[in-house]
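# Geometric and topological summary
Here is what each chain is made of, one letter per residue.
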Amino acid sequence: MENNNNNQGQFQVEIPQEEAAGKYSNFAIITHSSSDFVFDFASILPGASKAQVRSRVIMAPEHAKRLLMALQENVVGYEKAFGTIKLPQAPQPQQEKGTIAPFAINKGEA
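As the structure is a computational prediction, the values presented were derived from the model and not from experiment.

### Observations concerning the overall build of the protein
Looking only at helices and strands, the protein features two helices and four strands. The secondary structure elements of the protein, listed N-terminal to C-terminal, are α-β-β-β-α-β. Sorting the 110 residues of the protein into buried and exposed places 13% on the buried side. In the protein, the share of contacts with a sequence separation of at least 24, taken over all contacts with a separation of at least 6, comes to 39%.

So, in structure tokens, the structure goes:
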């Protein structure tokens, strides 16, 4: 029998060519149910009234919490290496619950 103890917890991640470039997002909508979290990553131009979803990721609550912890760890590491990430201090209009955007979103139809 082979000894697999050296490889426990290790795996390779493959990125298909069509996914390697990534998708730009400057707006996110996060919703949840009792069994899932849904992350819609979108892009919107300043002054536009409509965002276009570029990618949707659905995960279990346990994985969403792991993502939150990993993101926190990475933001802390980034700020240690490159300095504090500054957010605009201007008062922000009331945003929809669960959205993250770098600028105010005007309600309307396109």
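So, next bit.
### Some details on the pattern of salt bridges
All chains considered together, the criterion is met by two salt bridges. One salt bridge in this structure joins K23 and E19, with 3.8 Å as the shortest N-O distance. Given the relative accessible area of 48%, K23 is considered partly exposed. Note on E19: relative accessible area 43%, which makes it partly exposed. D40 is the partner of R56 in a salt bridge, and the nearest nitrogen-oxygen pair spans 2.6 Å. Separated by 16 residues along the polypeptide, R56 in strand β3 (residues 52-59) and D40 in strand β2 (residues 37-43) bring together distant segments of the chain.

### Focus: the confidence of the model for the protein
The predicted model of the protein averages 84 in pLDDT, with 75% of residues at 70 or higher. For the stretch residues 106-110, pLDDT sits under 50, and the model shows seven contacts to residues farther than four places along the chain or on other chains.

### Comments concerning the pairing of β2
Across the seven residues that make up β2, a large majority, five, are buried. Two strands pair when backbone bridges link them, and strand β1 (residues 27-32) and β2 are joined in this way by six bridges, in the antiparallel orientation. Residue pairing across strands places T31 opposite V38, the latter belonging to β2. Hairpin connection between β1 and β2: a loop of four residues separates the two successive antiparallel strands. Judged from the seven bridges that link them, β2 and β3 form a sheet pairing that is antiparallel. Counted as the bridge partner of A42 is V53 from β3.

### Describing the side chain of S43
Here S43 shows up in strand β2. On the basis of relative accessible area, S43 is assigned to the buried category, the value being 16%. One polar contact links S43 to R54, side chain to side chain, over a distance of 2.9 Å. Apart from residues no more than four positions distant in its own chain, S43 is found in contact with Y24, N26, A51, Q52 and R54.

### Remarks on the side chain of D40
The class for D40 is buried, based on a relative accessible area of 8%. Engagement of the side chain of D40 in a polar contact is seen with the side chain of R56, the distance being 2.6 Å. Not counting residues up to four positions away in its chain, the partners in contact with D40 are F27, A28, I29, V53, S55 and R56.

Scoring rules and cut-offs
- Residues numbered from 1 in each chain as written.
- Predicted model: local features only at pLDDT ≥ 70, side-chain atom pairs only at ≥ 80, totals over all residues.
- Heavy atoms only, no water.
- Helix = DSSP H or I, 4+ residues; strand = E, 2+ residues; numbered from the N terminus.
- Buried < 20%, exposed > 50% of the residue type's maximum accessible area, 1.4 Å probe, protein only.
- Contact = heavy atoms within 4.5 Å.
- Salt bridge = Lys/Arg side-chain N within 4 Å of Asp/Glu carboxyl O.
- pLDDT = per-residue confidence, 0-100.
- Pairing = 2+ DSSP bridges.
- Polar contact = N/O pair within 3.5 Å; in protein donor to acceptor, adjacent residues only side chain to side chain.

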